[in-house]
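Tertiary structure, described
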Protein chains: 2
Amino acid sequence: MEGPVRPTHAALSPHRPPRNLRLAVTGGLFGQWLDVNRTTSIPLALHHLEDSGALANLRTAAGVASGAFRGPAYADSDVHKMLESAAWQLQHSPDPALTAFLTETARLLARAQQPDGYLDSHYQLTDPADRYTRLVDSHEHYCAGHLFQAAVAAQRSTGDEELLTVAGRLADHLCAVFLDHEGPGLDGHPQVETALVELYRATGVERYLTLAARMVERRGHGLVGPHKHGARHRLDHLPVREAPAVTGHVVRALYLEAGAVDVAVETGDKELLAASAARWTDMVATRTAITGGLGSRQVGEVFGERYELPPDLAYNETCASAASMQWAWRLLLATGEGRYADLLERTLYNAFAAARSVDGRTYYKGNPLQRRPDHAEAVGDPRCRDEWFWSACCPPSVTRLMASLPHYAATTTDDALFLHLYTPMRLACDLGAGPIAVRVETEYPWRGAVRVTVEEAPDAEWTLALRVPPWSGRTLLDGVPVTPDAQGRVLLRRHWRAGESVALDLDMTPRLTAAHPRIDALRGSVALERGPLVHCFEQADQPYVDELALDADADLSVRDVPDLPGIGRTVRIETEAVTVAAPHQDGLPYLSPGAPRTRRPAPAAAVPYFQWDNRGDGAMRVWVPLDEHP
Amino acid sequence: MEGPVRPTHAALSPHRPPRNLRLAVTGGLFGQWLDVNRTTSIPLALHHLEDSGALANLRTAAGVASGAFRGPAYADSDVHKMLESAAWQLQHSPDPALTAFLTETARLLARAQQPDGYLDSHYQLTDPADRYTRLVDSHEHYCAGHLFQAAVAAQRSTGDEELLTVAGRLADHLCAVFLDHEGPGLDGHPQVETALVELYRATGVERYLTLAARMVERRGHGLVGPHKHGARHRLDHLPVREAPAVTGHVVRALYLEAGAVDVAVETGDKELLAASAARWTDMVATRTAITGGLGSRQVGEVFGERYELPPDLAYNETCASAASMQWAWRLLLATGEGRYADLLERTLYNAFAAARSVDGRTYYKGNPLQRRPDHAEAVGDPRCRDEWFWSACCPPSVTRLMASLPHYAATTTDDALFLHLYTPMRLACDLGAGPIAVRVETEYPWRGAVRVTVEEAPDAEWTLALRVPPWSGRTLLDGVPVTPDAQGRVLLRRHWRAGESVALDLDMTPRLTAAHPRIDALRGSVALERGPLVHCFEQADQPYVDELALDADADLSVRDVPDLPGIGRTVRIETEAVTVAAPHQDGLPYLSPGAPRTRRPAPAAAVPYFQWDNRGDGAMRVWVPLDEHP
């Protein structure tokens with residue numbers, strides 16, 4: 001049972017996905033997310049692939065239907081991403097409809113593919129003579145990359161190689177055209193780089209890795225092509241191994257980083273790896289929302305400036321959250337450093353999980369941290385979820401990552417199993433000394449108790465490494481305070497016997513968090529966090545969200561709610577707060593600094609951000625002013 | 001010497017522009033702005049009318065040249081706005097080039113006009129059969145309106161009625177088509193309403209007023225046409241007399257308000273006037289930047305939500321500042337209330353004046369209140385000025401308002417002269433009792449002293465009314481503290497003799513201003529104001545703009561600078577401040593609320609916002625954090 005990202009034996013990769021993995025999610029949020037993926041989200045997405053014309057485009061290209069091309073130039077990628085979603089999903093439970101979708105669509109793609117291996121229904125139906133002439137915007141490599149990822153997922157999940165054959169022919173065609181291409185020959189939307197490395201891993205064909213490496217190296221010389229947003233937007237302003245900071249279009253930048261890390265580990269290029277890691281560090285320090293969301297501007301879908309982190313206007317695209325997790329995961333494998341798992345978990349449980357409604361039907365493309373009562377007044381990113389979009393990148397990004405999510409729970413070294421994400425599951429794999437199996441029992445992220453029971457172990461010492469997130473102030477191991485190592489882990493090296501278990505208790509005390517003083521948009525406000533979950537205040541719980549101010553000294557009481565209507569299981573945090581009102585001076589919303597304000601006691605309650613907007617379209621805020629006069 | 005907005009005798013308009021006005025600006029900022037308009041801005045704009053193809057389009061439509069249409073659909077309006085600019089400018093000094101431009105272009109327009117009166121080079125050159133079929137986006141009425149305003153300006157300034165003849169034929173054509181039009185027949189961009197009323201005032205043709213009134217009434221029923229941003233964006237969601245708040249596209253909304261007030265005063269429609277005034281009050285209270293700037297979102301160029309006033313991301317379009325001054329001026333005439341002059345002055349000296357560089361060559365379209373050191377990283381509104389734009393609405397909005405600016409200085413009633421804006425000038429006009437003349441001597445806005453000398457007066461009592469802005473804490477009249485009336489005026493009713501004078505001293509003590517607690521983006525920060533001028537901190541004066549925090553108790557010392565390189569005369573405000581630094585916690589820009597910060601003393605200096613960005617493209621901020629631990 002293999003997941004995404006399988007470094008080769010030779011790769012510079014201290015951590016590896018578990019070998020000979022068998023993993024069963026046995027409940028919890030991961031279980032819910034997989035269920036809703038299977039029962040609702042994936043079937044609905046397949047309906048939209050029909051409805052939007054994305055499948056019809058391929059049928060027309062295959063000569064089995066007729067009609068004009070519909071949708072954006074990259075409509076094929078929606079199909080490919082749903083193929084990948086279906087493939088990963090089938091690892092968790094058989095589903096004849098998904099198997100049929102995979103099989104039939106693989107055949108359709110094989111028929112649509114041109115004799116020379118080219119496959120892109122947009123150009124085939126609209127402008128066949130112009131293929132590869134508008135790469136700055138055409139998404140031809142981007143679509144190819146998503147096909148490669150789908151093909152690799154299908155092979156790893158079902159063993160079926162029909163899609164891999166199509167992918168291989170397309171990749172061979174790309175190599176024929178672009179390996180020794182004059183000029184950069186680069187897609188304006190990076191993605192194919194990471195996909196080519198995975199295809200190399202799945203097939204052993206080295207020229208795929210070579211092409212990926214060349215594409216990473218060729219970028220950054222201002223030659224990708226003119227674009228209204230400029231070379232930075234297309235990551236073409238500085239060579240990848242030189243650029244000091246992430247910039248430009250967020251999803252493009254993050255996919256390129258994933259590809260750079262993949263190339264670096266497979267070619268042993270430590271300089272390239274260090275450059276990517278340095279940009280990651282800077283990005284986390286200066287451009288990351290507390291939810292893990294990335295991308296402050298809707299215009300251009302770009303990062304924005306250093307410390308530009310507006311809660312209301314932030315874009316925080318759903319695809320960016322998924323891409324950030326993919327980059328962080330590759331850096332975790334490449335370095336073994338715990339901080340990458342910290343951001344991955346923060347992004348997963350907040351920015352990423354919030355994108356989809358609890359019922360699995362609708363999605364946000366942008367994930368702001370604040371919504372005002374009058375949000376319908378303003379034009380811009382729609383401040384509500386939808387089932388599908390003309391540019392439908394985000395829903396399939398959610399389904400494919402949710403379907404492969406359990407693979408992000410653990411890594412191994414030769415003699416250690418590292419648990420990074422806690423969810424009820426049974427995990428078996430092989431270490432150097434022999435097979436092991438562990439059972440994880442937990443109600444995480446609702447509660448901090450995690451019990452890990454060894455069910456099978458070789459007759460040798462090995463290490464069970466348990467990740468301790470940095471927010472866990474007082475962590476207990478078997479009831480005794482424990483201090484994690486510098487990488488944020490408790491390392492339990494023992495000669496484990498089947499049946500032995502350990503109990504980890506993470507500190508789930510709610511906490512208020514302030515923003516760095518450079519973040520102008522959050523000054524004087526605090527966010528409420530508990531465990532890995534950022535909470536938010538919704539109009540459904542208090543009509544006066546926009547007048548609320550929190551008291552830093554008030555008790556924060558935690559209440560389990562087994563079934564909140566619209567949401568299901570949740571944890572509410574309740575506190576005594578105030579509302580603050582002030583008059584307008586000279587008719588303007590500006591005052592003398594000492595002007596009096598009216599404070600009134602007001603109860604306040606917060607639910608996890610990832611569960612927001614399942615109870616009406618009212619106001620919401622993650623960041624709430626701190627009461628200045630307690 | 002007549003300016004814009006001349007209510008008819010019958011109009012509901014307690015205040016009027018001075019009758020038989022003769023006005024000479026004798027220095028000061030108004031004098032500088034008029035000079036730079038004449039010597040630099042207008043000639044440069046005329047060059048760009050050639051360069052952009054805007055004049056060539058009209059020549060082709062007139063059959064005296066050939067070529068394809070160039071520029072946006074509304075390129076004609078750039079020409080019309082420069083005709084208006086030239087006309088007003090000629091009131092202040094003769095200029096053969098401007099006279100020639102007016103004369104030649106009037107003839108060109110007459111030749112381009114079709115036999116039925118239609119005149120719009122875009123449709124004439126591209127799609128003559130489709131005129132008026134795409135009004136939601138075509139700008140045909142909008143362009144017509146700007147022609148009407150230009151024609152009225154030419155008549156009032158030079159007496160030449162050639163342009164007025166063209167305008168009248170076009171207006172007659174509009175009346176023929178639209179007076180009894182089935183369906184609303186409305187332009188997606190309001191503007192023609194206010195222009196039709198002015199044309200009615202200049203010509204006495206009542207059907208122009210009738211058409212304007214019908215256009216105001218027909219809007220708001222969702223029938224203007226489908227638009228991707230929806231009916232609100234086109235002000236078509238609610239009837240104008242019912243809508244409770246401004247919304248949608250800012251410039252569209254403000255032009256429509258100007259038209260609504262014009263219609264209301266000329267038809268005696270108090271309900272319509274009250275509806276517009278109520279929206280103005282709400283707009284000022286909830287959607288107005290401290291600079292007077294309007295429009296928080298670049299996407300859609302819309303107002304944004306209530307209290308959504310980000311300093312960095314705000315759009316605050318230059319045209320919106322001009323349109324806001326036009327609306328406020330109409331409300332001032334229609335009500336006599338001083339608050340309209342307060343906002344007009346705030347907008348003039350800050351959001352509006354900042355749009356143009358000191359040298360008169362370049363313009364901002366968007367006028368944010370903050371620029372970060374790394375602003376070139378991000379995509380969006382360009383954070384620097386330019387000479388011209390593909391959509392070139394803003395530069396001619398500046399030149400035409402600057403050229404007519406002296407007209408906004410004063411209003412009259414039958415027996416009173418109200419001075420609203422203080423600038424060195426000589427103003428003569430007729431009151432009911434006879435001719436008066438006053439001389440204003442002042443260095444305002446650099447200093448608060450204003451001396452008004454009566455140079456000519458009838459043998460009767462009349463009132464000299466001096467506006468006292470609300471920020472003037474301690475105002476002196478002839479050295480004695482004086483309290484203005486509820487409308488913010490000192491009313492001096494006397495039997496004035498020639499040679500008598502009064503000295504008004506406005507309080508120019510620098511002051512810190514905080515934001516209303518509902519403005520999330522400005523929490524914990526203060527702005528520095530002095531008199532009508534909002535100040536800002538620029539990188540040219542301190543390299544550490546983004547680390548700065550102000551001490552609420554520190555002295556604010558005022559320093560006159562006669563000639564700051566790049567800026568000229570200015571006033572710097574200097575204070576002892578600090579820089580604040582903080583570490584990143586767990587690599588993220590979020591901290592425990594009590595996490596230590598490093599504070600270091602740092603001198604700080606601020607210049608007026610309207611003079612920003614004339615000394616390099618570094619960081620700037622109007623709102624600066626208040627030091628939390630003084």
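Residues numbered from 1 in each chain as written. Chains lettered and ligands numbered in written order. Predicted model: local features only at pLDDT ≥ 70, side-chain atom pairs only at ≥ 80, totals over all residues. Heavy atoms only, no water.

1. Quick notes on the interface of chain A and chain B
The interface is formed by 69 residues belonging to chain A together with 68 residues belonging to chain B. Here chain A packs against chain B, burying approximately 5900 Å² in sum over the two surfaces, 54% of which is carbon and sulfur. Considering only the side of chain A, the residues that lose the most area to chain B are V379, R523 and Y590 of chain A, jointly responsible for 14% of the buried surface there. The tally of links from chain A across to chain B stands at 12 salt bridges. Note that D520 of chain A is salt-bridged to R372 of chain B, the shortest N-O span being 3.8 Å. Of all the secondary-structure elements, those providing two or more residues to the side of chain A that touches chain B are α12 (270–286), α14 (338–352), β13 (511–515), β14 (525–530) and β19 (590–591) of chain A. Element by element, the count of residues in the side of chain A that touches chain B is highest for β13 of chain A, at four residues. For the side of chain A that touches chain B, a count of residues per class yields 34 nonpolar, 16 polar and 19 charged. Of the pairings in the sheet, the one linking β13 of chain A to strand β19 (residues 590–591) of chain B comprises two bridges and is antiparallel in character. Considered in β19 of chain B, the bridge of A515 of chain A is made with Y590 of chain B. (Contact = heavy atoms within 4.5 Å. Buried area = accessible area lost by both parts, 1.4 Å probe. Salt bridge = Lys/Arg side-chain N within 4 Å of Asp/Glu carboxyl O. Helix = DSSP H or I, 4+ residues; strand = E, 2+ residues; numbered from the N terminus. Nonpolar A, V, L, I, M, F, W, Y, C, P; charged D, E, K, R; others polar. Pairing = 2+ DSSP bridges.)

2. Some words on the pattern of salt bridges
All names here are of chain B. One pass over the full model with this rule turns up 106 salt bridges over all chains. Here R372 and D312 are joined by a salt bridge, their closest N and O atoms 2.8 Å apart. Of this pair, R372 sits in the loop between β2 (370–371) and α15 (394–404) while D312 sits in the loop between α12 (270–286) and α13 (318–335), and the two are 60 residues apart along the sequence. With a relative accessible area of 2%, R372 lands in the buried category. (Buried < 20%, exposed > 50% of the residue type's maximum accessible area, 1.4 Å probe, protein only.)

3. Concerning the confidence of the model for chain A
Summary statistics for chain A give a mean pLDDT of 96 and a share of 99% for residues scoring 70 or more. What the predictor reports for the complex is a pTM of 0.96 with an ipTM of 0.95. (pLDDT = per-residue confidence, 0-100.)

4. So, the sheet that holds strand β8 (residues 462–467) of chain A
Residue and element names in this part refer to chain A. Read from one edge to the other, the open sheet built from four strands follows the order β3-β4-β8-β11, with strand pairing classed as mixed. Of all the strands in the sheet, just β3 (410–413) and β11 (489–494) have a single pairing partner and so form its edges. Pairs of neighbouring strands in the sheet enclose a mean axial angle of 15°, with direction left out of account. Of the strand pairs in this sheet, β8 and β11 are connected by six bridges, and their pairing is antiparallel. (Axes fitted to C-alpha atoms, helices over the stretch in contact; angles between N-to-C directions.)

5. Observations concerning the side chain of E266 of chain B
Residues and elements named next belong to chain B. Position of E266 among the secondary structure elements: in helix α11 (residues 250–267). For E266, a relative accessible area of 9% translates into the label buried. At 2.4 Å, the side chain of E266 and the side chain of T8 are in polar contact. Beyond its immediate stretch of four places on either side in the chain, E266 contacts R6, P7, T8, A11, V197, Y200, R201 and L209. (Polar contact = N/O pair within 3.5 Å; in protein donor to acceptor, adjacent residues only side chain to side chain.)

6. Re the environment of L273 of chain B
Summarising the element assignment, L273 of chain B is placed in helix α12. What L273 of chain B contacts, discounting residues up to four positions off in sequence, is L12, V261, A264, L331 and A334 of chain B.

7. A look at the environment of R615 of chain A
All names here are of chain A. Its place among the elements puts R615 in the loop between β20 (598–608) and β21 (620–621). Placed 48 residues apart in sequence, R615 and I567 show a C-alpha to C-alpha distance of 7.7 Å. Among residues more than four places away in sequence, those in contact with R615 are E538, A540, D541, L564, P565, I567 and V607. Within the structure, R615 has its side chain in polar contact with the side chain of E538 (distance 3.1 Å).

8. Points about α12 of chain B
Residue and element names in this part refer to chain B. For α12, built from 17 residues, the straight-helix expectation of 24 Å at 1.5 Å per residue is met to within 8% by its first-to-last C-alpha distance of 24 Å. In terms of burial, α12 is a largely internal element, 12 of the 17 residues being buried. Those residues of α12 lying buried are L272, L273, A275, S276, A277, R279, W280, D282, M283, V284, A285 and T286. Contacts made by the buried residues of α12 are with α10 (206–218), α11, α13 and α14 (338–352). (Expected span 1.5 Å × (residues − 1).)

9. A few points about the sheet that holds strand β1 (residues 19–25) of chain A
Spatially, seven strands are ordered β1-β5-β6-β7-β12-β9-β10 (chain A) in an open sheet, and the strand pairing comes out antiparallel. On the outer flanks of this sheet lie β1 and β10 (480–481) of chain A, each paired with one strand and no other.

10. Thoughts on the relation of the copies chain A and chain B
Least-squares fitting of chain A to chain B yields an RMSD of 0.0 Å, with the transformation described by 0.0 Å of translation along the axis and a rotation of 180°. What we have between these two chains is a two-fold relation. It is A521 of chain A whose C-alpha, among those of chain A, lies nearest the rotation axis, at 2.3 Å. By residue overlap, the copies meet face to face through one surface: 99% of the interface positions of chain A are interface positions in chain B. (Least-squares fit on C-alpha atoms with pLDDT ≥ 70 in both.)

11. Notes on the packing of aromatic side chains
The relative placement of two aromatic rings is captured by the distance of their centres and the angle of their planes. One pass over the full model with this rule turns up 30 aromatic pairs over all chains. Ring centres of Y609 of chain B and W612 of chain B lie 6.2 Å apart, and the angle between their planes is 15°; this geometry places the pair in the stacked category. Through a chain of ring-to-ring contacts, three or more aromatic side chains come together here, namely F30, W33, Y349, Y422, Y444, W446 and F610 of chain A. The ring of F389 of chain A has K365 of chain A lying over it, and the distance from NZ or CZ to the ring centre is 5.5 Å. (Phe/Tyr/Trp six-rings, centres within 6.5 Å; stacked < 30°, edge-to-face > 60°. Lys NZ or Arg CZ within 6 Å of the ring centre and 35° of its normal.)

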